[in-house]
Every structure is written in C-alpha cells, then in structure tokens.
Amino acid sequence: DGGITQSPKYLFRKEGQNVTLSCEQNLNHDAMYWYRQDPGQGLRLIYYSQIVNDFQKGDIAEGYSVSREKKESFPLTVTSAQKNPTAFYLCASSIEAPLEGHYNEQFFGPGTRLTVL
Amino acid sequence: RKEVEQDPGPFNVPEGATVAFNCTYSNSASQSFFWYRQDCRKEPKLLMSVYSSGNEDGRFTAQLNRASQYISLLIRDSKLSDSATYLCVVNGGGATNKLIFGTGTLLAVQP
C-alpha cells in the first residue's frame with residue numbers, strides 16, 4: 001500500500017535532548033513538508049523540501065533541522081534550541097509538478113506527538 | 001488579518017441537518033483551495049479540492065468565490081460520522097506548493 005509513515009507515534013524527551021522524528025513515503029512524491037500543530041492553532045510549516053538534497057525554512061524553522069538525502073525520507077530533528085517543542089508533528093508530501101487538473105494536494109502521515117518532560 | 005479565517009464553531013447540529021461552513025482568504029494570488037477533515041488527535045485528511053466551477057461529492061458541495069475571496073463547504077443530511085474539525089486550506093501563491101491552513105471549524109452532529 002502506498003502511503004506516508006511517521007515514527008514513533010509518541011515520543012517523550014527530556015529538556016536539553018535532541019530528538020529525530022522519522023517520515024517516509026512510498027508515493028513517489030517530489031515534495032515533503034513538516035508541520036507542527038498546537039491546540040487551537042492551524043498547522044504551521046516548519047520546513048519543506050521540493051527535491052532531494054534541497055530544503056527551505058518554513059514559518060517556524062528556529063530550533064529545527066532537516067535533511068533530504070533520499071526522495072522517500074525527510075527526517076526532522078527537534079533540537080534543544082527549540083523553546084516549546086511539545087506539539088503534534090505532521091509530515092506531508094505532494095506531487096510538486098502537478099498534472100493538469102491536479103491541485104497539489106498534500107497527504108499527511110499519522111503524526112508524532114512529542115512531549116518534553 | 002489572518003491569511004485564512006474560519007469560524008471555530010462548534011456547530012452543533014442534529015442528524016440529517018444541512019450545515020454550511022465559510023472561509024475567507026487574504027491572498028488574491030492563491031490558486032488552489034481545499035477542504036480537509038481532521039478527527040480528534042488524528043492527521044488531516046483531504047476531503048475535497050475546490051474548483052472554480054464548484055464541485056460536489058455525494059453529500060458534500062464546495063464553492064469558490066474569487067471576487068469575494070471566500071470558500072464554502074455544504075454538508076447535506078449530516079451523519080454522526082461527519083463530526084470532526086474541517087480545515088480550510090489555501091495555497092500561498094507563488095512557485096512553491098506552500099499551503100496555508102485555517103484553524104478549523106468544529107462540527108458536532110447530535111443523534
């Protein structure tokens with residue numbers, strides 16, 4: 001089955017630790033994205049990548065880092081510099097170069113809930 | 001002004017009712033519009049794309065008004081299973097596929 005997987009589903013971290021969230025897709029999508037969702041707020045874009053070995057900062061990139069060494073994978077590292085890391089993290093992917101009639105829908109993985117203790 | 005604005009609700013409606021949500025967006029350069037559905041503590045799932053001519057998928061109808069920069073979603077014959085948060089999503093314009101998400105409208109369908 002094609003889809004996007006994220007692991008782990010739940011993650012607990014002590015203050016001062018870096019953690020890496022996994023995101024893998026087998027949809028052959030070019031573009032991948034990381035969002036965080038906080039209660040009562042819309043999804044906010046952390047980083048995105050339109051092609052392998054290239055990525056750009058989103059609206060709230062401070063305290064995060066990413067890599068895109070393979071088309072299928074876009075891991076996110078939450079560093080100790082991120083002041084409020086507790087959140088629901090969502091990874092998404094899309095066809096970047098759409099065919100006519102397609103609207104670049106993004107498809108989401110099941111998410112990772114990160115809690116900093 | 002927020003880039004995408006929605007009434008947070010909640011909308012409490014009885015089963016079988018018709019309910020409509022509106023959403024406004026600020027970027028006149030936006031070209032793509034979507035409604036996503038998000039269940040509690042789950043990921044958003046694409047409900048439908050919104051085309052210029054309007055589109056219908058079963059009990060769901062989406063409309064786009066570019067002149068007034070708003071999008072609507074109509075749900076007919078509401079089911080208990082329709083209870084969820086509905087996210088209005090608009091692309092940010094420009095060369096990238098950045099999407100801007102509204103904060104969502106909560107729908108609770110009552111038996």
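Up top is the structure these notes are about.
What counts, and where the lines are drawn
Residues numbered from 1 in each chain as written. Chains lettered and ligands numbered in written order. Predicted model: local features only at pLDDT ≥ 70, side-chain atom pairs only at ≥ 80, totals over all residues. Heavy atoms only, no water. Helix = DSSP H or I, 4+ residues; strand = E, 2+ residues; numbered from the N terminus. Buried < 20%, exposed > 50% of the residue type's maximum accessible area, 1.4 Å probe, protein only. Areas by Shrake-Rupley, 256 points an atom, 1.4 Å probe, with all protein chains shown as cover. Lys, Arg positive; Asp, Glu negative; His and termini not counted. Charge placed at Lys NZ, Arg CZ, Asp CG, Glu CD. Pairing = 2+ DSSP bridges. Axes fitted to C-alpha atoms, helices over the stretch in contact; angles between N-to-C directions.

1. Digging into the overall build of chain A
1) Next: Within chain A one finds zero helices and 11 strands.
2) Next: Considering only C-alpha atoms, chain A reaches an extent of 45 × 30 × 30 Å along its principal axes.
3) Next: Per-residue burial over chain A gives 50% buried out of 117 residues.
4) Next: About 5900 Å² of surface is accessible on chain A, with carbon and sulfur atoms providing 49% of the total.
5) Next: Once the 11 positive and 13 negative side-chain charges of chain A are each reduced to a mean point, those two points are 11 Å apart.

2. Comments concerning the sheet that holds strand β8 (residues 70-75) of chain B
Residue and element names in this part refer to chain B.
1) Next: On the basis of which strands lie adjacent, the open sheet formed by five strands has the order β1-β3-β8-β7-β6 and antiparallel pairing. Strands with a single pairing partner mark the edges of an open sheet, and in this sheet they are β1 (4-6) and β6 (55-57). On average, each strand axis in the sheet is inclined to that of its neighbour by 20°, with strand direction left out of account.
2) Next: Both strand β3 (residues 19-25) and β8 contribute to a ladder of six bridges, which runs antiparallel. Its bridge partner being in β8, C23 is matched across the sheet by I71.

3. As for the pairing of strand β1 (residues 4-7) of chain A
Residue and element names in this part refer to chain A.
1) Next: Covered by surrounding structure in β1 are I4 and Q6 only, the residues T5 and S7 on the alternate face being uncovered.
2) Next: Judged from the four bridges that link them, β1 and strand β3 (residues 19-25) form a sheet pairing that is antiparallel. Its bridge partner lying in β3, T5 is registered against E24.

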